[in-house]
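A closer look at the structure
One-letter residues, chain by chain:
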Amino acid sequence: MVSTYQPKTAYFTPERVQKASKDLIKQANDDRLLIQTHYNDLMDIFEKDTENTVVLQEATKTLSALIKATDKVVKILDNMTKLNISLTKDEEDSLEGLDTKLLNSFLSHKNKNE
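Scope of this entry: the structure provided in the associated data block. (Residues numbered from 1 in each chain as written. Predicted model: local features only at pLDDT ≥ 70, side-chain atom pairs only at ≥ 80, totals over all residues. Heavy atoms only, no water.)

A look at the nonpolar core
Here is the rule we go by: Definition of nonpolar core: a set of buried residues of the types Ala, Val, Leu, Ile, Met, Phe, Trp, Tyr and Cys, connected through side-chain atoms within 4.5 Å. For each residue, the accessible area found with a 1.4 Å probe, counting protein chains only, is set against the maximum for its type, and the residue is called buried under 20%, exposed over 50%, and partly exposed in between. Put simply, DSSP marks the helices as runs of H or I at least four residues long and the strands as runs of E at least two long, and each gets a number from the N terminus on. Contacts are assigned to residue pairs that have any heavy atoms within 4.5 Å of one another.
Listed in full, the five residues of the largest apolar core are Tyr39, Leu42, Phe46, Val55 and Ala59. Only α1 (14–48) and α2 (53–92) provide two or more residues apiece to this core. Here this core gets three residues from one element, more than from any other, and that element is α1. Once residues within four sequence positions are removed from consideration, Val55 is found in contact with Leu42, Ile45 and Phe46.

Overview of the pattern of salt bridges
Where we set the bar: In the sections that follow, a salt bridge refers to a side-chain nitrogen of Lys or Arg positioned within 4 Å of a carboxyl oxygen of Asp or Glu.
Using the criterion set out here, one finds three salt bridges in the structure. The salt bridge involving Lys26 is made with Asp30; its shortest N-O contact spans 3.3 Å. In this pair, Lys26 and Asp30 both sit in helix α1, four residues apart, roughly one turn of the helix. For Asp30, a relative accessible area of 35% gives the class partly exposed.

What is shown is where atoms sit, not what they do.
Structure, rendered in structure tokens:
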């Protein structure tokens, strides 16, 4: 009979969440590079045949995918920041352990996108 896996520590420790987030950000960056390459290839095709509207439609779709990949990274960083703030508030009831310069630059970038 198969037994259920029971981890020795909690599933959502800050270290595990940080590692999972790091992996997701790396995957999103890899996706962005692939999308950028695909977009550049489409634009090369369009330069050769400027009347091809199908290529322009596909290029628009790739730009949309590029924006979505970037938004995923921003959402991950937003959630990590919220997690860090809540952990800091629970432990010290202050924002002392948080890099406020990074937080402020992230929040200003997030506000530009909204």
